[in-house]
Amino acid sequence: ILLLNRYNSLFEKSNMPVVAKSRQLPASYYDATSKINPVIEAFNKEYEEFKTFVITKAQTPLKDNDVFARSSNRLFKLWTSYGERLPKEFFVKRLMELADLLIGLQEYDVALWQCYEKYLAFHEISLEDSDLVSLEALKARELFNNTVEDEPLVRALVGRCICRFYILVRTDNTLQSSHTVKRATELLVHLRTLSQICLPVERSCWLLFNITIYIYTISRHLMKHGYSQVAVEYLLWAGAVMECNIPLLSIRYLPWRSTLYAAVCQAYVDLKNPQHAEMYAKRALQKIEELNELEASSSSAGDVSTVPIFRAATLKVGITVFLKQLHDAKKRQRMAPNRPGRSKTLKDISGLAWPRTSTEKALNEMFDGSAAQFLAVLEVVNYPNKRTAFTSPAVPETDEVWTEVFNELFFAGAEIIAGGGGMLKLATQHTGIDGIRTSTRSLMDMASLGEDGVTLESVIQFTKLAYCNEQWETFIGIIDPLLPYLENTAKQAEDQALALKWRSEAQNLRVISGLEKLNFSAKKYRRFIQLQQESLASIEKEGGDMPSNWQLNKQAAASRKPETIDDWLAFSAVLLTCVDMPVQSLDRDVIVDSCLYLWSKCKTVFMKIQTGSSDTSTYIKALQKVDQPQKMLQLMVDVQRVMLWVEMSLVDPLTMGDICLKLAYALELGATRSNPLLRPWNMRSWSGLSIMEYAVQNLNQGLLDIARHKDANLAPNQWRVLADMTWMKHLEKDDSQEEPQSLDMRMNTINDVHVELLFVYHRLCIRLAHLRKSHDDRLAKESTYKKKDNVLSEQEHIAEFEKVVRPNPFSTVMFLLARGYMLHLGNLNPGRIASLLDEALFLLDSIKKEEEEIYEKNVLCLEGKKTKNVPPAPIIMKRSSTYMTLRPAPFEPSEEKVSWYRIFAKQITGPDVKVRFNDNLLPGTGLEVPVISQQVPEFTVSGLIPGEKYVFAFGAYTSDGTLIGNHIGESTKPIVAFQPLPVLTAYAFLAQVACQTSQYRVARQAFQHLWNHLVLPLEKPDLSVYCISTQDQDFSINLYKVDAETVHRSSPVFQRLFLINLFTSVDVAVRDGALYSNMICDNGPPYNRQIKRLKECEKLLVAIELSGMLNDAPLAFQAIVQAYGLIVPMIQSKLPSAPIVQILLRVHAVLTELPVNIRTRKQQTINDSIAHMVACITFHTARLLRLWKQKPLAREINSSGRKVLTTVDKTPQPAIQDSPRSGAQSDRSSQRGDEEKPEGSVDGDAEDREKNEEGGEEDKNGGADDSAEVVEQPPAQDSLKPTDAKKPAVTAPPPPAKKGKVVISDELKALQANMLRLSRNIQASDELYGNEDPAVLHAYVASLPAKAAFKEISKFKKKPSFLQFLVQVVNKGIHEGNAAAAVDWCEDAFSWLTKRQEQLDPKKRKKGRDTETVLASQMDPDRKYGAAVTEFTGGQPGGEESAAAAAAGV
């Protein structure tokens, strides 16, 4: 050991950087007149050697054992050795030249830290980001003189900005993190401020030009990923800068200026603001025209070479106003008075000469050559942010003008591709791709020269746009000849990169063509049928025969058969051909949308897969009902393979996790079961071992992809990316760094899915070990000679997997859980299962402590500043599976000042955990980063292996390169390269596995962590208030509350796991305490067992509340059933207990809100049990409430229970509505109860019994015993059904129930009898007559049902407060669920008010009648209707008649 330490110390000294010697002479020491300066010559030699080295390094890939920061180290030694010895101007010149070279070689880190920051440090300039926010803040530093001398400093600051941008997007190229967008915006602000410094200096035009290039580069990257709103401001500024500097207004910079103009217009179009885009484009065209006039009026002769420049500039900007001109011209044409009655269709004019339409005429007028015309068409029809796979018309079909414009644009584009347009005017054949040119120039170059023809790239883009905008004729006419042309072009290409490009484009078009076959849009087939009919008519007219393929198309279009599994498999086969190609070369959006389309087809089949359940019968039954289940499984296999290849997790990690879980479960069953229906179509002949290996490999790839997504979305300075502290409610953190709850919930959902994937992965690995052992045993038996030494046991196979996961404690926990679960399935060694779960529980507790320690050290920074001789251990800023971001801890040496930091890192492979100087092989290590204005730099170390442990340390240097303390600083504790995963979710899985394996002690301990997290503690009583009670021993239920804020931040996956474990814990408590529903005596002291039952009901009330937050009705119904099973013995004993009523009230309230399909089942026995449960809950609650003088609430409970029973008692078959007569009779019997019954009928007997019961209701118990008799002695079966008076109901047998009839159970009959008695009491004793005082009517109406209340308030129509009473009753009816009746009441009242208003209005009052008489006739029911009788007497001369009229009520 001593020799090893001595060797390491010597090795460290040999690898220490070269320290600058103070005795080295500067360049000024030598004679200035001498042509050769030894210092400069030595510097130039090493300088050229370094340039050669970095150029060679950029062309040669980095080896595995090569030092990553070799170029940074060499440059650091070069500057340290010669920086202070060289002349200042010479040194700055070399520094800037080398910085430009490094940026060109993409060595952004070296250029930033060793060149630009070195320049600022050399001049002792310290600028913070806040100094570059505005011009005033920058001028306050007094660093600029508004002269040419400012150029080097501005150049360094501009270079620093662009290097920071490239370093920023290197880790997040797609801008998925909001932090990346924020930092990019800050860099744009810095560049704008620096351009303001250069504007007054005319000679700094080249620097302004470079600044506009960098602004455009950053802005275009933002626009590419949907941040045009951020970029448009800075693009406008870049264009203004080009116009404010006179040298930049020359024709030399016109192409770049027009590019900025076009970028601004495109940004406005992206923001759906075409008005601003058109205004800016017109202004830009005016500027270009002014420059053209100035050039033409110059004294020199006109230069022919400037014509393409002006043409290209005009074309870039003029396309923006072209579409608006087309629309206005088409609108004027349609509004013309001499417009012909019937315009010709595009099909009619397809054979005419160019230009054929008004759009083509406009193209000829504005653009020269078919290349420019096609470019204009391409830019106009290319709508921003529109995905190719999502087909829709370019504009709504209701807008005829825009629809006609776009149809003509695609019509013109197809003609140009066929060879027409431009100077050729007419294509020889109006279909095909004869207009494609093989020139290497771009379409813009061809358009600027006024040439004819189009490029292959533009035709491919036009084809995709035709599909996206549902231009089916154009798409089909181009795609058929284009695919063979692309294949031939790829074969003939000599350049491999160009050949790959054409093959990739051909593959993209094949995918789009496959999507087109599955796209059954109505517009597409309607147009197909129309074309087939027109073609058939024309061919028959000429006497020819219809082509066979057109006949097939017509038949296919007419039939429009739905898609089949074979069609989906054919399309998935096309997608699988993309897997062999690089994903960067293909259109990723099209592939992703195609995968999502296929996943939507097979998703519904596999929705019943429960990955955490050991019951596979549900999934197998569901799969057997599917048509061709093997092909459906194969479709899911193909979709997942393509998703893994296209890195779907970067787009939608939840979908990726869902399909990985479902497929892993399906393949697990297929590998372990002999049923051929459980295996995919292409895996029918595979062995179980091969299927399991495929499942493990794909699941591992899915885990890596989800980890990559999480790495790309890391935000700095957030506690969640460093440690999992979600289990701690009261956490000290910076609120300014917190994100919205929706983002928290999404990230927590991804983490929980990641944990579930990890558990399933380890379970499959253990199954794979078992299958490998079986495979090895079978091979050993079949072979002629046995080599037992080469055959591994199952334990050895499992040990190999365990060796891989051991460095990661969280993965170890998941492995232990999976191991215990698999041992339980094999009924093996219960003692081993208990030890595994105990170890998992211990590891989880230790992980919590480690995460808390990481949080306190790296987020809270509790240790403070250190004054040691070496730097303390680094502080972690970001923690992921592939990289980590660190910064030095506060360090203040006693004698020296820190100017540079250098980071070292190593992987832990043994007992040595100390970092040394040679540990700089990882990317990001070994870089020397300066300390600027006391700002602590950040270091990113990448290239980490997920799941492995690493240690880090810093070395501090002075300005001359001297290592402070003569050795590097303290090392961190070993850190796992793994993003923190939620410990609470792991506790949930531990509790679930412990319950499945009957390890209830571990399950209780794990579940207690979940309970403490989601459930609020009980409020402590106020000690300042004293209550003296004689019932100290009475039990009161604890109504726990769910922590709403915690629930909103947690994921639905975790919430469901909590509910499952809660139900399981209640089941375990019922099993241990024998708290079954049929145990009335509970085999012991009744009070203690009752307390235990109520304690478990407290948990179930929490489950009901959380189910409501999840909007999961089945889970809520399950909690209700379990709670009823616990308290049903106490209900049977008729215990008048307040806690029981509290539970029943909550249960009853949730029951009334559950959907009908949850309360009904296909089996009639289950329906009967549910009805019995609802009736018992309703009756017992109402009985106790009436006993406690809460009669209004008891009536409400009875009414709502009756409604629930009505829905439960309906048969699941489609019910036939009852006749209006029977329904009316039923309503009258339930509300009034005063119908006349035939003598001897069952209803009459029931009424007599009810009257007798009502007579004895004035006893001391308040009628509780009488109401109990209703349940104990229910009425006859037909007591509440409307019967016919002509049929004797007693002697005749009950008629058979018709199909679809509502079958009324005994429970509903009992409740209806109770409601009948209550309604009779109300109407017999409290009936109103309309003369009562309206002041007391509010309380009376509130105690009545809605229908009865409306009947009573109808008697008060003459009163001024009638509308107030009506609103109260209508509101009450809506809350009771009688919305239809409430509408009828409102319409009736509105009709009555309308008639009254007409009579009160003097203008509408009828002559000859008194208004009060009319109102009185309408108010009085006896005078509302009447009849007049007239008597004619004959025999008198002149026909005299006498009349007598009498009014009689009808």
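The rules behind each value
Residues numbered from 1 in each chain as written. Predicted model: local features only at pLDDT ≥ 70, side-chain atom pairs only at ≥ 80, totals over all residues. Heavy atoms only, no water. Salt bridge = Lys/Arg side-chain N within 4 Å of Asp/Glu carboxyl O. Helix = DSSP H or I, 4+ residues; strand = E, 2+ residues; numbered from the N terminus. Buried < 20%, exposed > 50% of the residue type's maximum accessible area, 1.4 Å probe, protein only. Expected span 1.5 Å × (residues − 1). Pairing = 2+ DSSP bridges. Axes fitted to C-alpha atoms, helices over the stretch in contact; angles between N-to-C directions. Contact = heavy atoms within 4.5 Å. Parallel < 35°, antiparallel > 145°, perpendicular 65-115°, else oblique. Left-handed = near helix turned anticlockwise from the far one by under 90°. Nonpolar A, V, L, I, M, F, W, Y, C, P; charged D, E, K, R; others polar. Polar contact = N/O pair within 3.5 Å; in protein donor to acceptor, adjacent residues only side chain to side chain.

Caption draft 1: Spotlight on the pattern of salt bridges. Per the stated rule, a full pass over the model turns up 35 salt bridges. Measuring nitrogen to oxygen at the nearest pair gives 4.0 Å for the salt bridge that ties Lys57 to Glu107. On the criterion of sequence distance, the pair formed by Lys57 in helix H2 (residues 38-59) and Glu107 in the loop between helix H4 (88-104) and helix H5 (108-122) is long-range, its members being 50 residues apart. On the basis of relative accessibility, which here comes to 18%, the residue Glu107 falls in the buried class. The salt bridge involving Glu1196 is made with Lys1372; its shortest N-O contact spans 3.8 Å. With Glu1196 in helix H42 (residues 1191-1208) and Lys1372 in helix H49 (residues 1362-1375), this residue pair connects regions lying 176 residues apart in the sequence. Accessibility expressed as a relative area gives 36% for Glu1196, which makes it partly exposed. Overall, Lys1372 belongs to the buried group, its relative accessible area being 16%.

Caption draft 2: Up close: unusual backbone geometry. Despite not being glycine, Glu647 shows a phi value in the positive range, around 60 degrees. Looking at the element boundaries, Glu647 is found in the loop between helix H26 (629-645) and helix H27 (653-672). The phi angle at Lys1189 is positive, at roughly 65 degrees, despite the residue not being glycine. Mapped onto the secondary structure, Lys1189 falls in the loop between helix H41 (1164-1187) and H42. Taking the relative accessible area as the measure of exposure, Lys1189 reaches 62% and is therefore exposed.

Caption draft 3: Seen up close, helix H7 (residues 151-171). Between its terminal C-alpha atoms H7 stretches 31 Å, which fits the 30 Å expected from 21 residues at 1.5 Å a residue. Of all the 21 residues making up H7, 15 are buried; the element is thus mostly covered by neighbouring parts of the structure.

Caption draft 4: Structural context of helix H8 (residues 178-198). When the terminal C-alpha atoms of H8 are compared, their 31 Å separation across 21 residues agrees well with the 30 Å that a helix rising 1.5 Å per residue should span. With 15 of 21 residues buried, H8 lies mostly within the body of the structure.

Caption draft 5: The sheet that holds strand E5 (residues 939-941), seen in detail. Pairing within the open sheet is antiparallel, and its 3 strands lie in the order E1-E2-E5. Every other strand in the sheet has two partners, leaving strand E1 (875-879) and E5 as the edge strands with one partner each. Pairwise comparison of adjacent strand axes, ignoring direction, gives a mean angle of 25 degrees for this sheet. Where E1 lies against strand E2 (residues 884-887), 4 bridges are found, and the strand directions are antiparallel. Directly across from Ile875, in E2, lies its bridge partner Arg887.

Caption draft 6: Fine view of the sheet that holds strand E3 (residues 900-907). Read from one edge of the open sheet, 4 strands run E4-E3-E6-E7, paired in antiparallel fashion. Each edge of the open sheet carries a strand with a single partner, namely strand E4 (928-930) and strand E7 (975-976). Across 3 bridges, E3 lies against E4 in antiparallel orientation. From the neighbouring strand, Tyr901 faces E4, where its bridge partner is Val929. Contacts between H5 and the sheet are confined to E3 and E4, with E4 contributing the most and set at about 25 degrees to the helix.

Caption draft 7: Local environment of the packing of H26 against helix H28 (residues 688-712). Running from amino to carboxyl end, H26 crosses H28 at an angle of 40 degrees, the nearest separation of the two axes being 10 Å. Between H26 and H28, the angle falls in the class oblique. Considering only the axes of H26 and H28, their crossing is left-handed. On the side of H26, the interface is formed by Val637, Gln640, Arg641 and Leu644, while H28 contributes Tyr694, Asn698, Gln701, Gly702 and Asp705. Here the residues of the contact of H26 with H28 sort into 3 nonpolar, 4 polar and 2 charged.

Caption draft 8: Quick look at the side chain of Ser219. By secondary structure assignment, the location of Ser219 is in helix H9 (residues 205-224). Reaching out from Ser219, the side chain makes a polar contact with the backbone oxygen of Ile215 at a distance of 2.8 Å. Aside from chain neighbours lying at most four places away, what touches Ser219 is Leu188, Ala231, Tyr234 and Leu235.

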